[in-house]
Number of protein chains: 2
Amino acid sequence: MYNSHKIGALIILISITITHMQSSKKEGYFNPGVTVDVAIFTIEDNTLKILLIKRANEPFKGTPALPGGFIHKGESSLETAERILADKAGVKNVYIEQLYTFDESERDPRGQIISIAYFALVPREKLGIHEGSRTENPEFVSVENLDKLAFDHKKIIAYALKRLGDKILYTNIAYSLLPQSFTFSQLQKTYEIILGAPIDKRNFRKKFIQLDMIEETNEKLTGKRQRPAKLYRFKKKMPEKLKRFF
Amino acid sequence: MYNSHKIGALIILISITITHMQSSKKEGYFNPGVTVDVAIFTIEDNTLKILLIKRANEPFKGTPALPGGFIHKGESSLETAERILADKAGVKNVYIEQLYTFDESERDPRGQIISIAYFALVPREKLGIHEGSRTENPEFVSVENLDKLAFDHKKIIAYALKRLGDKILYTNIAYSLLPQSFTFSQLQKTYEIILGAPIDKRNFRKKFIQLDMIEETNEKLTGKRQRPAKLYRFKKKMPEKLKRFF
DNA sequence: CCAAAAGTGTTGACTGTACACCCATGT
DNA sequence: ACATGGGTGTACAGTCAACACTTTTGG
């Protein structure tokens with residue numbers, strides 16, 4: 001049996017050390033917890049959807065939340081985000097960028113924990129079958145009807161939506177939501193969904209051709225009871241700024 | 001004299017505790033160090049300048065660096081940035097926004113330490129006299145000729161410059177670099193310095209008036225051996241997006 | 001032959017860009 | 001009187017925004 005006297009001393013020592021680490025050191029700093037949360041978007045059934053999980057643990061156990069987790073030792077936050085993307089959405093090599101770091105003090109009931117938020121876009125076709133990963137049950141839900149979310153995740157999503165809406169206007173990131181080849185209608189729909197407004201078909205085509213981001217393939221989409229649509233592809237599938245605005 | 005046996009035990013205990021805090025816990029996460037670095041810009045002598053200090057401690061002792069520091073307990077990163085701004089530049093209530101979080105693993109020789117970078121703009125007139133704060137000697141240097149900097153601070157500055165150049169085109173943040181009232185020439189010069197290119201005087205005036213960001217004061221700037229210039233002021237001194245682009 | 005979406009041009013308003021001269025003051 | 005930066009207008013080209021009809025297919 002343990003000597004309780006020694007254990008008492010041990011506990012005091014550990015407490016002192018933890019306090020020391022968290023709040024003082026000689027410069028007076030401490031290390032907040034660092035997590036990464038990822039806003040993963042896709043387009044499905046003509047709506048913009050985001051991947052949410054149900055929290056398996058406290059705090060907010062059972063509440064929908066963005067997939068996320070703590071940074072592991074030796075891992076950059078981008079690597080953490082990519083790990084989450086692989087674990088929760090089953091995808092790799094998709095569009096991803098850092099969004100913002102959220103660190104308001106009341107955001108996590110466990111104390112001072114910051115979240116480096118990332119923002120990812122995945123074409124529907126790339127998404128694996130949802131492996132009902134334990135109790136978390138990750139699924140894509142429409143961004144229209146989001147209930148109460150854990151932490152400040154509603155705020156993070158709002159920020160991500162703003163970024164997406166801005167960025168689709170001056171970059172080519174739309175490629176990351178569309179399949180390899182697509183019709184002009186699909187492309188236009190993507191813009192309309194993200195911008196939340198209808199666009200004139202003729203003007204859209206003109207503008208897009210002028211922007212020089214896409215090219216025709218030799219194929220057409222047949223099998224619908226209508227005139228077959230030409231299929232297009234993006235010339236480049238790497239993020240870049242446009243010279244002109246959309 | 002201390003009992004060396006007890007001290008040995010103490011050291012082992014502390015080591016165990018630190019290791020425990022940093023790398024394991026039951027979920028397998030750890031807390032990287034979290035610092036804040038601030039890119040503080042101003043315009044002086046017709047150049048864009050940034051505030052640099054000389055590092056007082058290792059690593060990179062004596063090397064120029066962005067002013068920065070660890071987050072204190074209970075402080076948000078924004079508050080940390082504002083504290084740095086007050087301590088190193090002697091200003092409060094200036095334009096500040098979060099820039100990006102840098103966390104590539106090789107950025108700090110001490111180990112895994114992330115930097116939440118902020119970006120601030122200060123009108124020259126607001127800056128206090130440089131209090132030769134110890135050995136750090138903060139001073140504004142032209143962004144044109146930056147030598148070797150500590151850590152990845154060159155990268156951070158490059159990122160900040162890009163952000164500034166972008167943002168001056170679609171927001172009214174120029175107000176945060178100019179004095180209360182200013183001439184059209186001063187305003188134009190500000191844009192030219194940031195964009196790094198000359199602008200046609202007539203077109204600049206037309207565009208700016210159309211953007212409706214500024215208004216005339218009743219005063220003129222006299223005392224120069226030339227026609228007195230009308231003084232203008234910004235209508236709003238809060239950051240906002242423009243409806244049209246500059 | 002009908003329904004459905006694909007595909008295409010023109011016009012008028014507005015915005016961007018290029019460019020050169022007169023004005024008011026201090027010295 | 002002259003040097004210095006302050007201040008203004010016009011013309012052409014390009015872009016934006018609004019709008020309606022024909023084409024090609026499958027059923």
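This is a predicted model, so every value here is computed, not measured. (Residues numbered from 1 in each chain as written. Chains lettered and ligands numbered in written order. Predicted model: local features only at pLDDT ≥ 70, side-chain atom pairs only at ≥ 80, totals over all residues. Heavy atoms only, no water.)

*Asks:* Whenever I open this one, the protein's contact with DNA strand D confuses me. Can you help?
*Replies:* For DNA strand D, the set of nearby residues contains 22 residues, the closest of which are Lys224 and Arg225 of chain A together with Ser185, Lys201 and Arg205 of chain B. Within 4 Å of the protein, the contacting atoms of DNA strand D are 46% sugar and phosphate, with bases supplying the remainder. Taking Lys206 of chain A, its side chain carries an N or O atom lying 3.3 Å from a base nitrogen of DNA strand D. Mapped onto the surface near DNA strand D, the elements with two or more residues apiece are α5 (201-211) of chain A together with α5 (201-211) and β9 (229-234) of chain B. (Near = heavy atom within 4 Å. Polar contact = N/O pair within 3.5 Å; in protein donor to acceptor, adjacent residues only side chain to side chain. Helix = DSSP H or I, 4+ residues; strand = E, 2+ residues; numbered from the N terminus.)

*Asks:* Explain the protein's contact with DNA strand C to me, please; I cannot follow it from the model alone.
*Replies:* The environment of DNA strand C is formed by 22 residues, the closest being Ser185 and Arg205 of chain A together with Arg202, Lys224 and Arg225 of chain B. Close to the protein, within 4 Å, the atoms of DNA strand C belong to sugar or phosphate groups at a rate of 47%. Note that a base oxygen of DNA strand C is positioned 3.5 Å from one of the backbone N or O atoms of Arg225 of chain B. Taken together, the elements giving at least two residues each to the surface near DNA strand C come down to α5 and β9 (229-234) of chain A together with α5 of chain B.

*Asks:* Honestly, helix α4 (residues 184-195) of chain B in this entry has me stumped. Any pointers?
*Replies:* Residues and elements named next belong to chain B. For α4, which comprises twelve residues, the first-to-last C-alpha distance of 16 Å matches the rise-based estimate of 16 Å (1.5 Å per residue) to within 8%. Regarding α4, the residues found buried are Phe184, Leu187, Gln188, Thr190, Tyr191, Glu192, Ile193 and Ile194. Each element contacted by the buried residues of α4 is listed here: β1 (33-44), β2 (47-54), α3 (153-170), α5, β8 (214-221) and β9. Where α4 ends, the next residue or the one after it, Gly196, has phi of about 70°, a positive value. (Expected span 1.5 Å × (residues − 1). Buried < 20%, exposed > 50% of the residue type's maximum accessible area, 1.4 Å probe, protein only. Contact = heavy atoms within 4.5 Å.)

*Asks:* Is there a simple way to explain the nonpolar core in this structure?
*Replies:* In a soluble, globular protein the nonpolar side chains are often hidden away together inside. By size, the foremost hydrophobic cluster in this structure holds 42 residues, and its most contacted members are Ile40 of chain A together with Ile40 of chain B. Sorting the residues of this core by element identifies β1 (33-44), α2 (77-89) and β6 (113-121) of chain A together with β1, α2 (77-89) and β6 (113-121) of chain B as the ones contributing at least two each. (Core = buried A, V, L, I, M, F, W, Y, C linked by side-chain atoms within 4.5 Å.)

*Asks:* Would you mind showing me how to read the pattern of salt bridges here?
*Replies:* Note on pairing: side chains with opposite charge can pair once their charged atoms come close. Applying the stated criterion across every chain yields a total of 32 salt bridges over all chains. Of the charged contacts in the structure, one is a salt bridge between Arg233 of chain A and Glu215 of chain A, with a shortest N-O distance of 3.0 Å. With Arg233 of chain A in strand β9 and Glu215 of chain A in strand β8 (residues 214-221), the pair connects residues that are 18 residues apart, well separated along the chain. We classify Arg233 of chain A as partly exposed; its relative accessible area is 34%. The partly exposed category is assigned to Glu215 of chain A, whose relative accessible area is 31%. Note that Asp166 of chain B and Lys241 of chain A form a salt bridge whose closest N and O atoms lie 3.0 Å from each other. Taken as a pair, Asp166 of chain B in helix α3 and Lys241 of chain A in the segment after β9 lie in two separate chains rather than in one. Among the charged side chains, a salt-bridge network with shared partners connects Glu44, Asp45, Lys49 and Arg124 of chain A. (Salt bridge = Lys/Arg side-chain N within 4 Å of Asp/Glu carboxyl O.)

*Asks:* Looking at this structure, how should I read α5 of chain A?
*Replies:* Given 3.6 residues per turn, any residue in an α-helix points the same way as the ones three and four places further on. All names here are of chain A. When α5 is considered as a whole, its buried residues turn out to be Phe204, Phe208 and Leu211. Down the axis, α5 shows its buried residues gathered within 60° of arc, on one side only. Along α5, the residues that are exposed and aim more than 90 degrees away from the buried face are Arg202, Lys206 and Ile209. Looking at the buried residues of α5, the elements they touch are α4 (184-195) and β8. The N-capping residue of α5, defined by a side-chain oxygen 3.1 Å from the backbone nitrogen of Arg202, is Asp200. Looking one or two places after α5, you find Asp212, whose phi comes out positive at around 65°. (Arc of directions from axis to C-beta.)

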